[in-house]
Amino acid sequence: MFTNVDNSLSTRQAPRGARVVVVGDDLRRGPGNVASCTLFVGTGGNVEVETADGDTVTFMNVANGTHLPIQVRQVVSLAGGAANVIALY
């Protein structure tokens, strides 16, 4: 059985934008705010996120200049020096 799927919001496509992350902001965008983003962490530390599926996960000791290839809808908190986080779409 084949199903037609709208891939217009696929993260496998080239990035279509970026924005500086503000803790607590909803990072979803696109029609119906369903497209989540991945993160670039400029200054390392602990990054707590809400994933596209609604789970809360803390990434501990993220190194400077790390790309987190996970689908994120919100950054819940930054600790341990984490800063300069950019959402990539």
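Structure shown above.
Residues numbered from 1 in each chain as written. Predicted model: local features only at pLDDT ≥ 70, side-chain atom pairs only at ≥ 80, totals over all residues. Heavy atoms only, no water.

Colleague: It is not clear to me how the side chain of Asn 46 should be interpreted in this structure. Could you clarify?
Modeller: Tracing the chain through its elements places Asn 46 in strand β3 (residues 45-51). Classification of Asn 46 as buried rests on a relative accessible area of 17%. Here the side chain of Asn 46 touches Asn 61 through a polar contact of 2.9 Å, landing on its backbone nitrogen. With residues near it in sequence (within four places) discarded, Asn 46 still touches Phe 59, Met 60, Asn 61, Ser 77, Leu 78, Ala 79 and Ala 82. (Helix = DSSP H or I, 4+ residues; strand = E, 2+ residues; numbered from the N terminus. Buried < 20%, exposed > 50% of the residue type's maximum accessible area, 1.4 Å probe, protein only. Polar contact = N/O pair within 3.5 Å; in protein donor to acceptor, adjacent residues only side chain to side chain. Contact = heavy atoms within 4.5 Å.)

Colleague: Looking at this structure, I do not really get the pairing of β3. What am I missing?
Modeller: If a strand is regular, its side chains alternate between the two faces of the sheet. The buried count for β3 comes to six of seven residues, which makes it a mostly enclosed element. Relative to strand β4 (residues 56-62), β3 is paired through five bridges, and the arrangement is antiparallel. Looking at β4, one finds that Val 47 is bridged to Phe 59. In terms of strand pairing, β3 meets strand β5 (residues 66-79) through six bridges, oriented antiparallel. For Asn 46, the partnering residue across the bridge sits in β5 and is Ala 79. (Pairing = 2+ DSSP bridges.)

Colleague: Got a minute to help me understand the pattern of salt bridges in this structure?
Modeller: If charged atoms from side chains of opposite charge come close, those side chains can pair. Scanning the model with the defined rule gives three salt bridges in all. As a salt-bridge pair, Arg 19 and Asp 25 come within 3.2 Å of each other at their nearest N and O atoms. As a salt-bridge pair, Glu 50 and Arg 73 come within 3.0 Å of each other at their nearest N and O atoms. Residue Glu 50 is located in strand β3, and its partner Arg 73 is located in strand β5; the two are separated by 23 residues in the primary sequence. For Glu 50, a relative accessible area of 17% translates into the label buried. (Salt bridge = Lys/Arg side-chain N within 4 Å of Asp/Glu carboxyl O.)

Colleague: Quick question: what am I supposed to make of the packing of aromatic side chains here?
Modeller: A ring pair, where both rings are aromatic, is described by two values, the distance of the centres and the angle of the planes. Enumeration over the complete set of coordinates arrives at zero aromatic pairs. Positioned above the aromatic ring of Tyr 89 is the side chain of Arg 29, whose terminal nitrogen or guanidinium carbon lies 4.2 Å from the ring centre. (Phe/Tyr/Trp six-rings, centres within 6.5 Å; stacked < 30°, edge-to-face > 60°. Lys NZ or Arg CZ within 6 Å of the ring centre and 35° of its normal.)

Colleague: Sorry, what's going on with the sheet that holds strand β6 (residues 83-88) here?
Modeller: The pairing of strands in a sheet comes from backbone hydrogen bonds and takes either a parallel or an antiparallel form. In spatial order, the strands read β1-β6-β2-β5-β3-β4; together these six strands make up an open sheet with antiparallel pairing. Across the chains shown, the open sheet's two edge strands, defined by having one partner strand only, are β1 (18-20) and β4. When the angles between neighbouring strand axes are averaged without regard to direction, this sheet yields 45 degrees. (Axes fitted to C-alpha atoms, helices over the stretch in contact; angles between N-to-C directions.)

Purely geometric stuff here, so don't read any function into it on its own.
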